Amino acid sequence: MLSATFSEQQQRDLANKITSFLCRYKHISDSYIIEFFSENLWDTLPQGWQKALRDLTAPQIADLLLDKDIKNRIYPSVWPLSLLALRATAHTLAFPRTPTGHQVPHTVGLLKPEEFISNRSQSSLLGHIFRKHVKPKKQHEICKLGTLVKQLCDHTQCTSVVDVGSGQGHLTRFLSFGLGLNVTGIEADPNLVSMASKFDRQLLLTLDKESQKTGISQLSTAGCAPEHVLGWVNPRATWEVFLQQMGKGGEESESYPTTVGLCKKRQRVSVSDQGQEVEREPVHGSQRLYTEECSLVADAEKRQSTALFHQHDGVNTDHAAQSLSVTTEPLLNSSPVSNQLCQENSLNESSVGGWTIWNSNVHSCNKGPNSSDFVLTGLHACGDLSATLLRHFVNCPRVQGITSVACCYMKITTKENPTPPGVIPPPLSDNSKDVSKTFGYPMSDWVKGLPEHELSYKAREGACHAIEDYVHRLRGESGLLKTHCYRAALESIIRAERPHLRRAGIQTIKKAHTLSFSEYARLGLPRVGLPADLPFDHARVESMLEQQGRVVVYFSLALLLAPVVETLVLLDRMLFLQEKGFQSQLVPLFDPAFSPRNLVLVAVKPKADGEEIR
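Conventions adopted
- Residues numbered from 1 in each chain as written.
- Predicted model: local features only at pLDDT ≥ 70, side-chain atom pairs only at ≥ 80, totals over all residues.
- Heavy atoms only, no water.
- Helix = DSSP H or I, 4+ residues; strand = E, 2+ residues; numbered from the N terminus.
- Areas by Shrake-Rupley, 256 points an atom, 1.4 Å probe, with all protein chains shown as cover.
- Axes fitted to C-alpha atoms, helices over the stretch in contact; angles between N-to-C directions.
- Parallel < 35°, antiparallel > 145°, perpendicular 65-115°, else oblique.
- Contact = heavy atoms within 4.5 Å.
- Nonpolar A, V, L, I, M, F, W, Y, C, P; charged D, E, K, R; others polar.
- Buried < 20%, exposed > 50% of the residue type's maximum accessible area, 1.4 Å probe, protein only.
- Core = buried A, V, L, I, M, F, W, Y, C linked by side-chain atoms within 4.5 Å.
- Salt bridge = Lys/Arg side-chain N within 4 Å of Asp/Glu carboxyl O.
- Phe/Tyr/Trp six-rings, centres within 6.5 Å; stacked < 30°, edge-to-face > 60°.
- Lys NZ or Arg CZ within 6 Å of the ring centre and 35° of its normal.
- Expected span 1.5 Å × (residues − 1).
- Pairing = 2+ DSSP bridges.
- Right-handed = clockwise from strand over helix to strand, strands pointing away.
- Left-handed = near helix turned anticlockwise from the far one by under 90°.

A. The overall build of the protein chain, seen in detail. Tallying secondary structure elements over the protein chain gives 18 helices and eleven strands in all. Carbon together with sulfur atoms contributes 50% to the accessible area of the protein chain, which is approximately 25300 Å² in total.

B. Local environment of the packing of helix H15 (residues 482-497) against helix H18 (residues 548-579). In contact at an axis separation of 9 Å, H15 and H18 are set at 105° when each is read in the N-to-C sense. Relative to H18, the element H15 lies roughly perpendicular. Between H15, through Lys 482, His 484 and Cys 485, and H18, the contact on the second element is made entirely by Gln 548, Val 551 and Phe 555. Looking at side-chain class alone, the contact of H15 with H18 contains three nonpolar, two polar and one charged residues.

C. Broad picture of unusual backbone geometry. Cis rather than trans, the peptide bond between Tyr 441 and Pro 442 has omega equal to -10°. Its location among the elements puts Pro 442 in the loop between strand E9 (399-407) and helix H12 (445-448). One non-glycine residue, Glu 452, adopts positive backbone phi at about 60°. Following the sequence through the fold, Glu 452 ends up in the loop between H12 and helix H13 (457-462).

D. Expanded view of the environment of Trp 42. Take Trp 42: it is sitting in the loop between helix H2 (26-29) and helix H3 (47-53). Classification of Trp 42 by relative accessible area gives buried; the value is 5%. Contact partners of Trp 42, with chain neighbours within four places excluded, come to Phe 36, Gln 50, Leu 53, Arg 54, Arg 550 and Val 553.

E. Main features of the nonpolar core. In terms of nonpolar packing, the biggest core is built from 121 residues, with Phe 242 and Phe 517 touching the most fellow members. In terms of residue count, the dominant contributor to this core is H18 (20 residues). Apart from residues lying up to four places away in sequence, Phe 517 is in contact with Tyr 486, Ala 489, Leu 490, Ile 493, Phe 536, Val 541 and Leu 545. If you look at the next biggest cluster of nonpolar residues, it comprises 32 residues, including Cys 158, Phe 177, Leu 204 and Val 602.

F. Representation of the pattern of salt bridges within the structure. Applying the stated criterion across every chain, the model contains 21 salt bridges. Where Lys 26 meets Asp 30, a salt bridge forms, and the shortest distance between an N and an O atom there is 3.4 Å. For Lys 26, a relative accessible area of 36% corresponds to the partly exposed category. Classification of Asp 30 as partly exposed rests on a relative accessible area of 22%. One salt bridge connects Arg 503 with Glu 35, and the closest N-O pair in it is separated by 2.9 Å. Assigned by exposure class, Arg 503 and Glu 35 land together as buried. When salt bridges that share partners are traced, they join Glu 35, Glu 39, Arg 487, Glu 491, Arg 495, Arg 502 and Arg 503 into one network.

G. Expanded view of the packing of aromatic side chains. Counted by the stated rule, this structure contains 13 aromatic pairs. Aromatic pair Phe 130 and Phe 174: ring centres 5.4 Å apart, planes at 80°, arrangement edge-to-face. Taken together, the positions of Phe 130 in helix H6 (residues 128-131) and Phe 174 in helix H8 (residues 170-178) put the pair 44 residues apart, joining distant regions of the chain. The two residues Phe 130 and Phe 174 agree in class, both being buried. Ring centres of Tyr 486 and Phe 517 lie 5.5 Å apart, and the angle between their planes is 80°; this geometry places the pair in the edge-to-face category. Within this pair, whereas Tyr 486 is found in helix H15, its partner Phe 517 is found in helix H16 (residues 517-524), the two being separated by 31 residues in sequence. For the pair Tyr 486 and Phe 517, one class covers both residues: buried. Connected via pairs of aromatic rings, a cluster forms that spans Tyr 486, Phe 517, Tyr 520 and Phe 536. Taking NZ or CZ as reference, Arg 503 lies 4.1 Å from the ring centre of Tyr 32, over its face. When the ring centre of Phe 393 is taken as reference, the NZ or CZ atom of Lys 605 above it lies at 5.4 Å.

H. Here's a closer look at H15. Look at H15: 23 Å from first C-alpha to last across 16 residues, which is about the 22 Å you get at 1.5 Å a residue. When we look at burial in H15, the residues that qualify are Cys 485, Tyr 486, Arg 487, Ala 488, Ala 489, Leu 490, Glu 491, Ser 492, Ile 493, Ile 494 and Arg 495. Where the residues of H15 are buried, they touch H16, helix H17 (538-545) and H18.

I. Structural context of the pairing of strand E2 (residues 182-187). Across the six residues of E2, six count as buried, placing the element largely inside the fold. The alternating pattern of E2 places Asn 182, Thr 184 and Ile 186 and Val 183, Gly 185 and Glu 187 on opposite faces, both of which are buried. With five bridges joining them, strand E1 (residues 160-164) and E2 adopt parallel strand pairing. The residue bridging Asp 163 from the neighbouring strand is Gly 185, located in E2. The parallel pair E1 and E2, bridged by H8, forms a crossover whose chirality is right-handed. Sheet topology note: the E2/strand E3 (residues 227-230) ladder contains four bridges and is parallel. Residue pairing across strands places Thr 184 opposite Glu 227, the latter belonging to E3.

J. The arrangement of helix H11 (residues 384-395) in detail. If you check H11, its first and last C-alpha atoms are 17 Å apart, about what twelve residues at 1.5 Å a residue would give, namely 16 Å. Counting buried residues in H11 gives eleven out of twelve residues, a clear majority hidden from the surface. Burial in H11 covers these residues: Asp 384, Leu 385, Ser 386, Ala 387, Thr 388, Leu 389, Leu 390, Arg 391, His 392, Phe 393 and Val 394. Against E1, helix H10 (239-245), strand E8 (374-382), E9, H18 and strand E11 (599-604) lie the buried residues of H11.

K. Just the environment of Leu 84, in detail. Take Leu 84: it is sitting in helix H5 (residues 81-93). On the basis of relative accessibility, which here comes to 23%, the residue Leu 84 falls in the partly exposed class. Residue contacts for Leu 84: discarding those within four places in its chain leaves Tyr 75 and Trp 79.

L. Up close: the packing of H11 against H18. Contact geometry of H11 with H18 gives a least axis separation of 11 Å together with a crossing angle of 15°. The angle between H11 and H18 places the two elements in the roughly parallel class. Seen from above, H11 lies across H18 with right-handed handedness. For the pair formed by H11 and H18, the contact residues are Ser 386, Ala 387, Leu 390, Arg 391, Phe 393 and Val 394 on the first element and Arg 573, Phe 576 and Leu 577 on the second.

M. Molecular detail of the pairing of E11. Burial analysis of E11 places six of its six residues in the buried class, the great majority of the element. Judged by which residues are buried, E11 turns out to be covered on both faces: Leu 599, Leu 601 and Ala 603 on one side and Val 600, Val 602 and Val 604 on the other are all buried. Pairing between E9 and E11: five bridges, direction antiparallel. Bridged to Thr 403 within E11 is Val 602. Looking at chain direction, strand E10 (residues 584-588) and E11 are connected through five bridges and run antiparallel. From the neighbouring strand, Ser 584 faces E11, where its bridge partner is Ala 603.

Here it is, written out as C-alpha cells:
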C-alpha cells in the first residue's frame, strides 16, 4: 500500500540538514514577538535584512517571504543573498502541505474547499446525518480522514478501528454508520463521551424517521453503532495495558483516576515563564485538540434511498516526495443493525479495566477490537498522545495500521522540558515504561544522536501556527495584524513597571484590533495585577506603534521557520518507525487553509511472510 519513495538514508540526510538549519536561526524561532521592543528584536537582524524588509507592505511580506508558490516576484530593493537563502531553504526543507490537485488561491479571499461552494457551512460530500452538530472544518476532516481509514482497513483486511481522542464522536459515527466499520472511540472527557452517545441516538432516530417516510429501512444498511470508552491513555503505560483498558483483559488495569471526572470548560491559562497563552485542557479534560468549534452505501435494490446519503469520491492523497498509493474502491456493504438501535433510552454504563464504557442501548456487533486486529487512528491527538499511538502501533501485535494527525507540538515532552505548560505528568506504576524512553520528541535514535537537535517550547509552539491563515491576513491587510504590536508595546510598559514580570499571559482581548491602544492597555494591565489607569509615556508608545510593519516582518520570519520545525517533529516519527522496521508516508490530506495541521502519518504492518499487505 505504501510506496517507498523516501529512503531511510534520505530521511536521515533531511533530518541532519534541518537540525543544522534550525540551529543557525535559533535566535528567531526561539524569540517571543511580545518582546519585540523590550528585547530589541529588530536589532538582532543583520543590517542588510533590516534595510530590505523595513518598508515592505503586508501583501509584499506574503508574496516575497511566506508564499513559496509565487513566481516572478518583484522586489522593491535588492535583497541580501543570506535572506534569499533563508527563504529558499525554509521552503525546500519543509514537507509540502498542499494536497494533490488542490489549487492554491493567490487572491485576498480565503476560499473554502470545493465541497463548500454550494453551501459554506455544509459539505457536499457528507450526508446530512453526518453534518449535524459538526462545523465545516470538522466535516472536511472526518470526510477525508474517514475515507483514508476505510481504505487502510481494506488493505490490512481489518474491519475494526480504534479512534483515540474521539471527542463527540463525529469521526467514529462516520466510520461506523457511514463506512460500515466496527469502531471503538476512546475519550478522556466524560461530558464528550456522553454527548457522543447522545448524538449516536439522534442519528439513529433520524434514520428511523426517514424509514417511516420512505417505507425503506435505512437501518439495514447502517453499520454497527460505535462503542464509546471513557478513559485516559497513559503515555507511560505499555500496550498490554492499553488493550486491557479497552476490555481485552479480565484483570483490573491501570487507570488515571484523577482524569476521569466532571468536565470543566476549556480554560485559557497564562504562562508567565513561557510567554504564551495556552489553551490548557483541565485535569478532567480530553486528550484531543479542540478546534473551532461518504455516505452510507445502500444495497443495489435501495438506490432510491441515496438522497439521504451522498456518496463521495475516493481521496487521492498522492504526495510529491512521498506518495500513498490508494485506489478508489466501492465501499463495503455495512452490517445490519436492528430497529432497537433507534430507541431513545438512557445510557448504560459498565466498567472495564478501570475505564467506563458507555452504551446507547444499541445493538453490538461483537466484532470490534476486543476480538480482532484493528487500525488505530487519532485526529489531532494532542501532544504526546500521537507519539504514544505510534509506539502502540509498533509494539502491539493487534494494531495493523495507523493514521496519525498530530497537533499541539508545544505540549510534547522532551528531555529538556519533561513537563510543558498545560500538561499533567502521568503517574508511574509497575506497568509503566522507562520514563527516559517515553518523551514525545525525539523518538528516533537517529535524531537523538544529531547535535543540537533540541527544539525549544517556543519553536514547537510556533509550529502550531497557521501560515496559510496569516498569509491571508497579510494579503488583505487585516486589522488583526496590529495585535502583536499592541501586545509588544504593552509588554514594554509592564517591564518598565515590574522588571521581573516577563511574558505574563494576559489572555486574548476580544476584538483588540478595533480598540485604541489606551483601551487595550486599560483591559490588559489588570490581568497582570497592574492598575488599569497606570500612566505611561504616550509619545514613546506612539513611536512603537509606528513600527507595526517591522513587528509583522519579524513575526513572519519566525513563521517562515514553523513548517520546518513541524517537519522535523514528524520526520523524527517516520525515522522511529523506519528503525522499528515499518515503512510510513506523510500525506497532506486536508486543505491547509481550512485545517492547518493537515499532515497525516500513515503506516501499515507487513504480512507475516515479510510482504506488504496490498
